[in-house]
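Spelled out, the chains give:
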Amino acid sequence: PAGDIQITENVLVNLKVEDTLNHINPEVFKDTVNIPKGSSLLNVLNALKENEKLTFETENSLWGPYLTVVNKVKALAKDKTYWQLRTLDTVLLEGIADYKVYHDDTIIIRKVRW
Ligand code: B12
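Residues numbered from 1 in each chain as written. Predicted model: local features only at pLDDT ≥ 70, side-chain atom pairs only at ≥ 80, totals over all residues. Heavy atoms only, no water.

Some points on the side chain of Lys111
Now for step 1: With respect to the secondary-structure elements, Lys111 resides in strand 7 (residues 105-113).
Now for step 2: Buried within the structure, Lys111 lacks any salt-bridge partner; its nearest side chain of opposite charge belongs to Asp19, at an N-O separation of 4.4 Å. (Helix = DSSP H or I, 4+ residues; strand = E, 2+ residues; numbered from the N terminus. Buried < 20%, exposed > 50% of the residue type's maximum accessible area, 1.4 Å probe, protein only. Lys, Arg positive; Asp, Glu negative; His and termini not counted. Salt bridge = Lys/Arg side-chain N within 4 Å of Asp/Glu carboxyl O.)

Encoded structure:
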């Protein structure tokens, strides 16, 4: 019947993963992802994983999934490193499951020392 067609609006998101502690080869991953509007950063990572473009691991905590490994690069508390979630000009105030991406967003996941 007429009126049953549903259109899902998609957004484009730029994702960069960089290891600032690796001076020889800091770029871990870079791509632009086409994803439904309202997706979280975790949805973006899962879409890339399903397309076999990227792998990642998380650990569950009371705040949700904590990102620990991207493309085999580990950022662990015992080494005083972590994957910092950022945009071009700010540090994200939420974790991967809570942050909602928007059109033309650039997300930088950067391994840093604290
Ligand atoms: Co932090 N972090 N953090 N964080 N962190 C807090 C939890 C909080 C509440 C601060 C705030 O903004 N008010 C927010 C979460 C808000 C939200 O999601 N609604 C926050 C955020 C946003 C982040 C980051 C997403 C920041 C970023 O990159 N832009 C990242 C996580 C990115 C990722 O997934 N890889 C981040 C990172 C960190 C570091 C600097 C690594 C340390 C943790 C390492 C360490 O000390 N071993 C960190 C701390 C210390 C805290 C803080 C100040 C204390 C946590 C703590 O030690 N609790 C809290 C604020 C607070 O609670 N007062 C913010 C005590 C222990 C006993 O409890 O549950 O075992 P726990 O704690 C663990 C988890 O909290 C985990 O690390 C702790 C130690 O293992 N953790 C997590 C820390 N931050 C985060 C964030 C997320 C999203 C998750 C899932 C887990």
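A closer look at the sheet that holds strand 4 (residues 64-70)
Now for step 1: Sheet architecture is open: 3 strands sit in the order 3-4-5, paired in antiparallel fashion. Of all the strands in the sheet, just strand 3 (56-61) and strand 5 (73-74) have a single pairing partner and so form its edges.
Now for step 2: In the packing of helix 1 (residues 41-50) onto the sheet, contacts are made with strand 3 and strand 4, and the angle to strand 3 comes to roughly 145 degrees. (Pairing = 2+ DSSP bridges. Contact = heavy atoms within 4.5 Å. Axes fitted to C-alpha atoms, helices over the stretch in contact; angles between N-to-C directions.)

Notes on the sheet that holds strand 1 (residues 10-19)
Now for step 1: Ordered by their spatial adjacency, 4 strands build an open sheet running 2-1-7-6, and the pairing between neighbours is mixed. Since the sheet does not close on itself, it has two edges, and those belong to strand 2 (27-36) and strand 6 (81-86), each with one partner. For this sheet the average axis-to-axis angle between neighbouring strands, irrespective of direction, equals 15 degrees.
Now for step 2: Judged from the 6 bridges that link them, strand 6 and strand 7 form a sheet pairing that is antiparallel. Note that in strand 7 the partner of Trp83 across the bridge is Lys111.
Now for step 3: Across the sheet, helix 1 touches strand 1, strand 2, strand 6 and strand 7, and the angle it forms with strand 2 is around 105 degrees.

Quick notes on the side chain of Thr81
Now for step 1: As for its placement among the helices and strands, Thr81 is situated in strand 6.
Now for step 2: Only 3.1 Å separates the side chain of Thr81 from the backbone nitrogen of Leu76, close enough to count as a polar contact. (Polar contact = N/O pair within 3.5 Å; in protein donor to acceptor, adjacent residues only side chain to side chain.)

Examining the site of the ligand
Now for step 1: Around the ligand there are 18 residues in total, and Leu67, Trp83, Leu85, Val91 and Leu92 lie nearest to it.
Now for step 2: Note that an oxygen atom of the ligand is positioned 2.7 Å from one of the backbone N or O atoms of Leu85.
Now for step 3: Taken together, the elements giving at least two residues each to the shell around the ligand come down to strand 4 and strand 6.
Now for step 4: Looking at the shell around the ligand residue by residue, the class counts come to 12 nonpolar, 4 polar and 2 charged. (Near = heavy atom within 4 Å. Nonpolar A, V, L, I, M, F, W, Y, C, P; charged D, E, K, R; others polar.)

Brief notes about the environment of Glu27
Now for step 1: Among the structural elements, Glu27 can be located in strand 2.
Now for step 2: Judged by relative accessible area, Glu27 falls into the exposed class, the value being 52%.
Now for step 3: Counting along the chain gives 11 residues from Glu27 to Lys16, while the straight-line C-alpha distance between them is 7.8 Å.

Details of the nonpolar core
Now for step 1: Formed by 26 residues in total, the largest nonpolar core has its most connected members in Leu15, Leu41, Leu67 and Ile109.
Now for step 2: Those elements that provide at least two residues to this core are strand 1, strand 2, helix 1, strand 4, strand 6 and strand 7.
Now for step 3: By residue number, the principal contributor to this core is helix 1, which donates 5 residues.
Now for step 4: When sequence neighbours within four positions are dropped, the list of residues in contact with Ile109 reads Leu15, Lys16, Val17, Glu18, Leu45, Leu67, Trp83, Gln84 and Leu85. (Core = buried A, V, L, I, M, F, W, Y, C linked by side-chain atoms within 4.5 Å.)

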